[in-house]
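Structure at a glance
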Amino acid sequence: MKRQLPKRRDLAPLLTFKKPTLSPKQRRLASALTIEDLRRIAKRRTPRPAFDYTDGAADGEVSLARAREAFGDVQFNPAILRDVSKVDTSREILGSRVALPFGIAPTGFTRMMQTEGEIAGATAAAAAGIPYSLSTMGTTSIEDVAAANPLGRNWFQLYMWKDRERSMALVDRAAKAGYDTLMVTVDVPLAGARLRDVRNGMTIPPTLTPRTVLNAIPRPAWWMNFLTTEPLAFASLDSWSGTVADLLDTMFDPTVTYEDLAWIRDQWPGKVSVKGVQSVADARRLADVGVDAIVLSNHGGRQLDRAPVPFHLLPRVVKEVGSDLEVHLDTGIMSGQDIVAAIAHGADFTLIGRAYLYGLMAGGREGVDRTIEILQGQIERTMRLLGVSTLDELEPGHVTQLMRWGPR
Ligand SMILES: Cc1cc2nc3c(=O)[nH]c(=O)nc-3n(C[C@H](O)[C@H](O)[C@H](O)COP(=O)(O)O)c2cc1C
């Protein structure tokens, strides 16, 4: 082999140094390439009770693990030699166009995860052209979210309280504030057993014990935010001091039935979606009641543990009711690939819960932007590699669900 001394002319193009990013937050977020990376950053920066409240699920956390595993067990079947120079990820959902096939799921007590809370979620969603869902258990008011997101789409998630008049007053406020969809959550007749919260002594608002103080030492930014911004409280509920599970059990009505749902639907001027559907039979009954969408969901595994995996249920539900209403899906989504797989199997739309909260905890509004950016990149790349350029071209043949578990 003939060797030579490197010439200055040949070295110059190799010696290009990246301009350093000054903001530590930008550096931190740019280093996250996956939602799992954002989760790791979130864990480092958030006190344990708040992180575990978000990250955890019910009982043995089997529902959540299986849901994630089901997405992991997907085999993509690409088609070759298609023109995929352009890709369009938009579609019509509940009456208007969304830029991406996912929206932000309703999550309670969001300012506890990171102080920018609901406003970060709503403004990031608006900037990306996707819907934002505000929970009944939110920590920012219906009107403040609407004001922060005047051009975006807001959905209001309803938990029916025992005091129906007060619940419907919330629904009324959401309609007046311009929310276009009412999402009624039906899988919480009582709270699931969130054991991490019990073990951590998680209360609302967080209480200072010797353990929380020790845990706070390496997480000064969270505590600084917590202590110097508006005190944490539910925006639509009375103040509460106790555990979330006790709150749910005290406030929420376990007697709600299909008849009540039809009544709620008649009170709402916009679209109605029902969240927490877990069987083909219930999907059929809801189609007969005449709602606009259902969300196949087991609440991110936070309610009934070992519940059906929504992604497994999806093809049968789409076959039964797909032409009567929109079928949305959540639980376990940690990547754009998961979303593409759900759309290929017939979901019209998906929702992300934790994926958004990990971003929020990792970096507030910019962290949520990063979550959306990561998912968008993964969706676009996966679609193009599969040989499709629109969501409507995705079909069940693009995805084989490899089953580890099946009913005997
Ligand atoms: C911290 C947290 C709080 C939640 N709060 C609510 C809520 O107030 N109302 C509701 O309908 N669902 C709530 N959910 C469930 C989400 O809307 C969604 O169904 C679930 O997070 C989807 O699973 P994923 O986290 O794996 O994406 C919550 C989920 C989390 C993680």
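The structure reproduced in this document is the subject of the present report.

Conventions used here
- Residues numbered from 1 in each chain as written.
- Predicted model: local features only at pLDDT ≥ 70, side-chain atom pairs only at ≥ 80, totals over all residues.
- Heavy atoms only, no water.
- Helix = DSSP H or I, 4+ residues; strand = E, 2+ residues; numbered from the N terminus.
- Rg over C-alpha atoms; globule rule 2.2 N^0.38 Å.
- Buried < 20%, exposed > 50% of the residue type's maximum accessible area, 1.4 Å probe, protein only.
- Contact = heavy atoms within 4.5 Å.
- Areas by Shrake-Rupley, 256 points an atom, 1.4 Å probe, with all protein chains shown as cover.
- Lys, Arg positive; Asp, Glu negative; His and termini not counted.
- Charge placed at Lys NZ, Arg CZ, Asp CG, Glu CD.
- Pairing = 2+ DSSP bridges.
- Right-handed = clockwise from strand over helix to strand, strands pointing away.
- Patch = residues over 30% accessible without salt bridge, like charges linked within 9 Å, V, L, I, M, F, W, Y side chains within 5 Å.
- Salt bridge = Lys/Arg side-chain N within 4 Å of Asp/Glu carboxyl O.
- Near = heavy atom within 4 Å.
- Polar contact = N/O pair within 3.5 Å; in protein donor to acceptor, adjacent residues only side chain to side chain.
- Nonpolar A, V, L, I, M, F, W, Y, C, P; charged D, E, K, R; others polar.
- 1 Å grid on protein atoms, 1.4 Å probe; cavity = no way out; pocket = protein on both sides within 12 Å on 5 of 7 lines; lining within 4 Å.
- Points joined across faces, edges and corners; volume = space filled by probe spheres on them.

Turning to the overall build of the protein, a few remarks are in order. When you go through the protein residue by residue, the secondary structure sums to 18 helices and 12 strands. Here the protein has a C-alpha radius of gyration of 22 Å; the compact-globule value for 408 residues is 22 Å, and the two agree. Seen through its C-alpha atoms, the protein measures out along the principal axes to roughly 85 × 55 × 45 Å. Burial status across the protein gives 53% buried among its 408 residues. Looking at the protein alone, contacts between residues at least 24 apart form 76% of all its contacts between residues at least 6 apart. With an accessible surface of roughly 19200 Å², the protein has 55% of that area assigned to carbon and sulfur atoms. For the protein, the centre of its 50 positive side-chain charges and the centre of its 47 negative side-chain charges are spaced 11 Å apart.

A regular strand places its side chains so that they alternate between the two faces of the sheet. Taking burial as the measure, the 7 residues of strand S8 (residues 271–277) include 6 buried ones, the bulk of the element. Note: strand S7 (residues 181–185) against S8, 5 bridges, orientation parallel. Within S8, the position partnered with Thr181 by the bridge is Lys271. Summarising the sheet, S8 and strand S9 (residues 293–296) pair through 4 bridges and their orientation is parallel. Considered in S9, the bridge of Lys275 is made with Val295. The parallel pair S8 and S9 is bridged by helix H15 (residues 280–289), and the resulting crossover is right-handed.

We now examine unusual backbone geometry. The backbone phi angle of Asp59 is positive, close to 45°, even though this residue is not glycine. As for its placement among the helices and strands, Asp59 is situated in the loop between helix H4 (48–55) and helix H5 (62–72). The class for Asp59 is partly exposed, based on a relative accessible area of 37%. Of note, Phe109 is a non-glycine position whose phi angle comes to about 60°, a positive value. Phe109 sits in the buried class, given a relative accessible area of 1%.

Moving on, we come to a nonpolar patch on the surface. Taken together, the side chains of Leu11, Leu14, Leu15 and Phe17 make up a nonpolar region of the molecular surface, amounting to roughly 490 Å² of accessible area. As for its position among the elements, Leu14 is in the loop between helix H1 (8–11) and helix H2 (24–30). What makes Leu14 exposed here is its relative accessible area of 65%.

The environment of the ligand is formed by 25 residues, the closest being Pro106, Ser135, Thr185, Asp330 and Gly332. In this structure, Pro106 approaches the ligand through a main-chain N or O atom, which is 2.7 Å from an oxygen atom. Gly353 is positioned with one of its backbone polar atoms (N or O) 2.9 Å from an oxygen atom of the ligand. Coverage of the ligand by the protein amounts to 98% of the 600 Å² it exposes when considered alone. Contributing elements (two or more residues each) for the shell around the ligand: H4 and helix H18 (354–386). Looking at the shell around the ligand residue by residue, the class counts come to 9 nonpolar, 12 polar and 4 charged.

Let us look at empty space enclosed by the protein. Taken as a whole and judged by the stated rule, the model has 4 cavities of 30 Å³ or more. Quantified by volume, the largest cavity comes out at close to 470 Å³. As for the largest cavity, its lining consists of 33 residues, and the residues nearest its centre are Pro106, Thr107, His299, Arg302 and Gly353. Those elements giving two or more residues to the lining of the largest cavity turn out to be H4, H5, helix H13 (244–251), strand S11 (349–352) and H18. Counting residues per element, the lining of the largest cavity draws most heavily on H18, at 3 residues.

Over the atoms, a rolling probe the size of a water molecule traces out where space has been left empty. Space inside the largest pocket adds up to approximately 460 Å³. What lines the largest pocket is a set of 22 residues, among which Thr185, Val186, Asp187, Val188 and Val256 lie closest to the centre. For the lining of the largest pocket, the secondary structure elements donating two or more residues are S7, helix H14 (258–267), S8 and H15. A per-element tally of the lining of the largest pocket places S8 first, with 3 residues. Computed from the structure, the second largest pocket encloses a volume of approximately 260 Å³. Around the second largest pocket, the lining is made up of 13 residues, and of these Pro308, Val309, His312, Trp405 and Pro407 lie nearest the centre. Counting residues per element, the lining of the second largest pocket draws most heavily on helix H16 (residues 310–321), which supplies 3 residues. Within the lining of the second largest pocket, the residues separate by chemical class into 7 nonpolar, 3 polar and 3 charged.

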